[in-house]
Amino acid sequence: QVQLVESGGGLVQAGGSLRLSCAASGRTFSSYTIGWFRQAPGKEREFVAAISGSGGSTRYADSVKGRCTISRDNGKKTVYLQMNTLKPDDTAVYYCNADLRSIGIVTRGGGDYWGQGTQVTVSS
């Protein structure tokens, strides 16, 4: 069992940066693969990035590759998404997703646990 809380969203100008956090409770956080997803109004939820429990494996969507970095600090039970060179198209609610199974399951949004989301708004 794990509970997830996203934070770090806000309003930023195009070209700016944000660091999102996914903070977790639970005794076995390091066992969980964590993924970031986003959803804009009227659009489908889309995968952004994922990281394995140890941090040894990462995945990125083509739309953010080169601009975003996912990382984790298991001591703090937190996964981070550093987002640079933000674009208006990055505007969405960002969610984290956790699962004990493979990173492939998480990239498809199949993790057992979701947070409530944090709003990212990028102005032009």
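Because the structure is predicted, anything quoted here is derived from the model rather than measured. (Residues numbered from 1 in each chain as written. Predicted model: local features only at pLDDT ≥ 70, side-chain atom pairs only at ≥ 80, totals over all residues. Heavy atoms only, no water.)

Draft legend 1. Here's a closer look at the state of the cysteines. Scanning the entire structure with this criterion turns up one disulfide. In this model Cys22 forms its disulfide with Cys96; the gap between the sulfur atoms is 2.1 Å. Every disulfide takes its handedness from the sign of the S-S torsion; for Cys22 and Cys96 that torsion is 75°, giving right-handed. Residue Cys22 is located in strand β3 (residues 18-25), and its partner Cys96 is located in strand β9 (residues 92-99); the two are separated by 74 residues in the primary sequence. The class of Cys96 is buried, set by a relative accessible area of 0%. Cys96 provides the cysteine sulfur closest to Cys68, a residue in no disulfide bond, and the two sulfurs are 15 Å apart. (Disulfide = S-S within 2.5 Å. Helix = DSSP H or I, 4+ residues; strand = E, 2+ residues; numbered from the N terminus. Buried < 20%, exposed > 50% of the residue type's maximum accessible area, 1.4 Å probe, protein only.)

Draft legend 2. View of the sheet that holds strand β7 (residues 68-73). The strand order β1-β3-β8-β7 describes an open sheet built from four strands, whose pairing is antiparallel. In the strand order of this sheet, the two ends are held by β1 (3-7) and β7, each with one partner. In this sheet, neighbouring strand axes are inclined to one another by 15° on average, regardless of whether the strands run parallel or antiparallel. Pairing of β1 with β3, which is carried by five bridges, proceeds in the antiparallel orientation. In the strand pairing of β3, Glu6 is matched with Cys22. (Pairing = 2+ DSSP bridges. Axes fitted to C-alpha atoms, helices over the stretch in contact; angles between N-to-C directions.)

Draft legend 3. The packing of aromatic side chains, seen in detail. Within this structure, the stated rule accounts for three aromatic pairs. Ring centres of Phe37 and Phe47 lie 5.6 Å apart, and the angle between their planes is 70°; this geometry places the pair in the edge-to-face category. Pair noted here: Phe37 is in strand β4 (residues 33-39) and Phe47 is in strand β5 (residues 46-51), with a separation of 10 residues, a long-range link. For the pair Phe37 and Phe47, a shared accessibility class is recorded, and that class is buried. Every member of this aromatic cluster is reached through a ring pair, and the members are Phe37, Phe47 and Trp114. (Phe/Tyr/Trp six-rings, centres within 6.5 Å; stacked < 30°, edge-to-face > 60°.)

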